Amino acid sequence: MRQKIIMCISILFLITLSGVAQDISFNFPAGIGDWEKSGEAFEYVGDDLFEYINGGAELYHEYGFETVSVQDYSFGEELISVEVYKMKESAFGIFSMLRSAEDQEVDAGDGATIAGYYLMMWRGKHLFAITSQSGESGNENILISFAQQLSENLESGDIPELVKHIPENPVDENSIIYCKGSIALVNISEKAAEFLTGWEEAVVFKSINAEEDLFVICKYKSASAATENLNKIQPRKSSINLKQAGPYLVASIEGSDIDFITKSLETATE
Amino acid sequence: MKFSRRKFNIGALSLGSLSFLNIKGVKSATDEQYPDISAAVGPNATKNTEHAISQLGGIKRFVKEGQTVDILINFMGRIAAAHTGVDVFSSVVEQIKAASPAKIRVISWIEENRRSRNKLQQAVEKAGVEFHHVPQEDESLWEWKEIPQGKILKKVRIFKALNESDVFITIPKFKHHGSARYSGCLKLAMGISPRADNRGLLHANNSRDLEQCIADLNSAIRKPDLIVVDMMETLITNGPSGPGKTSSPNKVIAGTDRVALDTYCLPLFKINPLDKGQVLAAHEMGCGEIDLNKLNIVETEIA
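All residue numbers here refer to positions counted from 1 along the written sequence of the relevant chain. Labels are handed out in written order, letters beginning with A for the chains and numbers beginning with 1 for the ligands. Per-residue local features are limited, in this predicted model, to residues with pLDDT of at least 70; the limit for side-chain atom pairs, both in listing and counting, is 80 or more; totals at the level of whole chains, interfaces and linings are taken over all residues. With hydrogens and water stripped out, all remaining heavy atoms of the structure feed into the side-chain values.

Trainee: So what's going on with the overall build of chain B? Which residues, and what values?
Mentor: Each helix is a run of H or I in the DSSP string that is no shorter than four residues. Each strand is a run of E no shorter than two, and both are numbered from the N terminus. When you go through chain B residue by residue, the secondary structure sums to eight helices and 14 strands. Only protein chains enter the calculation, and the probe is 1.4 Å; a residue is then buried if its accessible area is under 20% of its type maximum, exposed if over 50%, and partly exposed in between. Counting the 303 residues in chain B, one finds 60% classified as buried. By sequence separation, contacts in chain B at least 24 residues apart represent 74% of the contacts at least 6 residues apart. Contact criterion: two residues are considered in contact whenever any of their non-hydrogen atoms come within 4.5 Å of each other.

Set out below in structure tokens:
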């Protein structure tokens, strides 16, 4: 009897040593088309994102990062990695930050773009980065298939309210970037980040009519907070054209007309 | 091959007899014959690396027989545009080997499961050099460095291994970085302090403070004896690990001045080095030269 107990304990110990897979919060399919899982998935939670991408984690935390789950898939010698970032709120923000305006839009999730060897997609609170590890283009259709299959059972989400306040015309929709903090804004425009501070959320975009300029709408806690910041900026704002509309400050970094934006805001917030 | 209008002064070769005056940290008369920055441009990373170092006087100017050599590289990121290039790294190691050092080590605190996610770890193993892992949790391997001159960072831990070798060489990848705007020679110094301090001390404030902290850190640590910057293929968005847009400047740039090399590379991101940031801060703290007009820079196209 004693020997049987020792044997059972030894077997359990060996099973433990063989490597129990980490609990992964995202349910990766066993395969996608001809591609099969390669290796074990892994995950980083909260502050531990720093262990995965070092200082790059700061940007994701600004957007409300919760977890990232990663799984590789292989077909022959080729490898595609799937990173699924779960955010506290809509993943549109971090998606808008990571995509580029010239990337090709594709039909997947709530929004997706492809740039040669990688695809970015958001679906509800999830951001997907699907990457061909060769670093070369040529697998675009496969990346799109991955995106469509991975997102099909996930709950859809909505874009932030502030983004809805942007006038449709003449804005370049692909240029819209939603910001939750200064790290995002400084990556877009150092000048904007230097002058526009103290806001709770912001959205940056370009206009088809003023391609060299950058437009920013910052939402403050209150109209008085917006006024306070406006008064701080006014004496030294150089080329920036700046107006207040309630709790919002609207700016064009190179001085273009911004009435079309303030009117849209006033209409939207009536 | 063609040469830029800045050519190194070969006349100083006649001063070779004064090489015994080459005290570490002091530019000797023989140093004057070499350019301050040597850039090789072409599709072949190995050829570029060989040429960039040869223009500086060859590896034997920096590594003597019997010496110990430590190398610091960018392990970060799975795609080639994010980490130190395999070919650049391998070429540097092969050149060092030709100088017959006693030991060559790659030093890093990055854990094995992270390092194995890209091809660079395989390159380290293939090169047959020692990999010296410095576990972050082993306090005995780290020492506190006081930085009284630091404007924000006043102290930080660095691994003791940094000061063990005769020669210290870094091979940074110049690329985009979401928090520091870019990562190059100066930013790579964060590979010498543990992750906990990088998070808790350097990244603790806003991104501008991070850049000052990078300068503070560089002002306190051992200056590399040789820096070989990998700008063959690089991430220009979504750094430090991507995925993101990439660019192929096809350059390998060698020198000894961290500030000058970063300044030289900055046009990739259309950043003015005189704007507030890590390069200006490091220059103001005496870490190197920001005015490239004062330097002898050689750029060569390699077929």
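From this point, the narrative continues.
Trainee: Requested: an account of the packing of helix α1 (residues 45-55) of chain B against helix α2 (residues 86-98) of chain B, with residues and values cited.
Mentor: Residue and element names in this part refer to chain B. Packing of α1 against α2 brings their axes to within 8 Å, and their N-to-C directions diverge by 45 degrees. Comparing their axes, α2 and α1 come out oblique. Crossing angle aside, the handedness with which α1 passes α2 is right-handed. Across the interface between the two elements, A45, T46, T49, E50 and I53 from α1 touch D87, V88, S91, V92 and Q95 from α2. Ten residue types, Ala, Val, Leu, Ile, Met, Phe, Trp, Tyr, Cys and Pro, are classed as nonpolar, four, Asp, Glu, Lys and Arg, as charged, and the remainder, Gly among them, as polar. When the residues that make up the contact of α1 with α2 are grouped by side-chain class, the tally is four nonpolar, four polar and two charged. Helix axes are fitted to C-alpha atoms over the stretch in contact, other axes to C-alpha atoms as well, and angles between N-to-C directions run from 0 to 180 degrees. Should an angle fall under 35 degrees it is called roughly parallel, over 145 degrees roughly antiparallel, and 65 to 115 degrees roughly perpendicular, with every other angle called oblique. Here a crossing is called left-handed whenever its near helix is offset anticlockwise from the far helix by less than a right angle, and right-handed whenever the offset is clockwise.

Trainee: Can you tell me about helix α9 (residues 223-233) of chain A, naming the residues and giving the values?
Mentor: Residues and elements named next belong to chain A. Those residues of α9 that fall on the buried side of the exposure criterion are A225, A226, N229, L230 and I233. Buried residues of α9 fall within an arc of 140 degrees about the axis and therefore sit on the same side. Looking at the packing, one finds that the buried side of α9 touches α8 (190-195), β12 (241-245) and β13 (248-252). Arc definition: it is the arc formed by the directions from the helix axis to the C-beta atoms.

Trainee: Mind laying out the interface of chain B and chain A, listing which residues take part and the relevant values?
Mentor: Across the boundary between the two partners, chain B contributes 26 residues, which contact 32 residues of chain A. Buried area: the sum, over both parts, of the accessible surface (1.4 Å probe) that disappears when the two are put together. With both chains or domains summed, chain B and chain A bury close to 2,500 Å², and 46% of this area falls on carbon and sulfur atoms. Salt bridge, as used here: a side-chain nitrogen of Lys or Arg that lies within 4 Å of a carboxyl oxygen of Asp or Glu. Remark: the boundary between chain B and chain A carries three salt bridges. One salt bridge connects K245 of chain B with D103 of chain A, and the closest N-O pair in it is separated by 2.1 Å. Pairs of N or O atoms within 3.5 Å make up the polar contacts considered here, provided that, within protein, one atom can donate a hydrogen while the other can accept it, and that residues adjacent in sequence are counted only when both atoms are side-chain atoms. On inspection of chain B and its partner chain A, the count reaches nine residue pairs in polar contact (both at pLDDT 80 or more). For the side of chain B that touches chain A, the secondary structure elements donating two or more residues are β8 (175-177), α5 (195-202) and α6 (207-220) of chain B. Here the side of chain B that touches chain A gets three residues from one element, more than from any other, and that element is α5 of chain B. Taken together, the residues that form the side of chain B that touches chain A break down as six nonpolar, twelve polar and eight charged.

Trainee: I'd love a proper account of the sheet that holds β13 of chain A, names of residues and values included.
Mentor: Residue and element names in this part refer to chain A. Pairing is antiparallel across the open sheet formed by five strands, whose spatial order is β9-β10-β11-β13-β12. Pairing within the sheet leaves two strands with one partner each, and these edge strands are β9 (171-179) and β12. Taken pair by pair, the neighbouring strands of this sheet meet at an average axis angle of 20 degrees, ignoring direction. Where strand β10 (residues 201-207) and strand β11 (residues 210-219) come together, six bridges link them in antiparallel fashion. Note on pairing: two strands pair once DSSP finds at least 2 bridges between them.

Trainee: An account of α1 of chain B is needed here, citing residue identities and associated values.
Mentor: All names here are of chain B. Among the residues of α1, those classed as buried are A45, N48, T49, H51, A52, I53 and Q55. Of the surrounding elements, those touching the buried residues of α1 are β1 (37-41), α2, β10 (226-231), β13 (251-255) and β14 (297-301). Looking one or two places after α1, you find G57, whose phi comes out positive at around 115 degrees.

Trainee: Which residues make up the sheet that holds strand β5 (residues 104-106) of chain A, and what values do they have?
Mentor: Sheets are built from strands that pair by backbone hydrogen bonding, the pairs being arranged parallel or antiparallel. Taken together, eight strands build an open sheet; the order of strands is β1-β2-β3-β4-β8-β7-β6-β5 (chain A) and the sheet is antiparallel. Strand pairing shows two members of the sheet lacking a second neighbour, β1 (31-32) and β5 of chain A, which therefore form its edges.

Trainee: Describe the side chain of T300 of chain B, and please don't skip the residues or the numbers.
Mentor: Relative to the helices and strands, T300 of chain B is located in strand β14. At 3.3 Å, the side chain of T300 of chain B forms a polar contact with the side chain of H51 of chain B.

Trainee: Break down the confidence of the model for chain A for me, with residues and values.
Mentor: In the predicted model, chain A carries a mean pLDDT of 90, and 92% of its residues have values of at least 70. pLDDT is a per-residue confidence score from the predictor, ranging from 0 to 100. Scored below 50 in pLDDT, residues 13-20 of chain A shows one contact in the model against residues more than four places distant or in partner chains.

Trainee: Please provide a residue-by-residue account of the pattern of salt bridges, values included.
Mentor: Residue and element names in this part refer to chain A. Using the criterion set out here, one finds 19 salt bridges over all chains in the structure. Among the ionic pairs, E161 bridges to K164, the shortest N-O distance being 3.0 Å. Of the two residues, E161 and K164 are both situated in helix α6 (residues 161-164); the distance of three residues between them amounts to about one turn of the helix. Since its relative accessible area comes to 38%, K164 is described here as partly exposed.

Trainee: Talk me through the nonpolar core; I want residue IDs and the actual numbers.
Mentor: The set of buried Ala, Val, Leu, Ile, Met, Phe, Trp, Tyr and Cys residues whose side-chain atoms join them within 4.5 Å is what this entry labels a nonpolar core. Membership of the largest hydrophobic core comes to 89 residues, with the highest contact counts inside it found for F89, F159 and I169 of chain B. When residues of this core are assigned to their parent elements, the largest contribution, six residues, is made by α6 of chain B. With near-sequence residues (within four places) excluded, I169 of chain B lies in contact with I59, V63, V69, D70, I71, L72, V92, I96 and L226 of chain B. L98, Y118, A202 and V216 of chain A belong to the second-largest nonpolar core, a separate cluster that totals 75 residues.

Trainee: Summarise the pairing of β13 of chain B; cite the residues concerned and give the values.
Mentor: Residues and elements named next belong to chain B. Counting buried residues along β13, four of its five residues qualify, which places the element largely inside the surrounding structure. Bridge analysis of β1 against β13 gives five bridges, and the strand direction is antiparallel. Note on β13: the bridge partner recorded for I37 is G255. Here β10 pairs with β13 via five bridges, running antiparallel. Considered in β13, the bridge of M231 is made with K251.

Trainee: Break down unusual backbone geometry for me, citing the residues and quoting the values.
Mentor: Residue P170 of chain A follows N169 of chain A across a cis peptide bond; omega there is 5 degrees. If you trace the backbone, P170 of chain A turns up in the loop between α6 and β9. G242 of chain B connects to P243 of chain B through a cis peptide bond whose omega is 0 degrees. By the secondary structure assignment, P243 of chain B is in the loop between β11 (234-235) and β12 (246-247). Positive phi, normally seen in glycine, also occurs at S100 of chain B, with a value near 55 degrees. As for its placement among the helices and strands, S100 of chain B is situated in the loop between α2 and β3 (103-108). The class for S100 of chain B is partly exposed, based on a relative accessible area of 39%. Not every positive phi belongs to a glycine, and N250 of chain B is a case in point at roughly 55 degrees. Looking at the element boundaries, N250 of chain B is found in the loop between β12 and β13.

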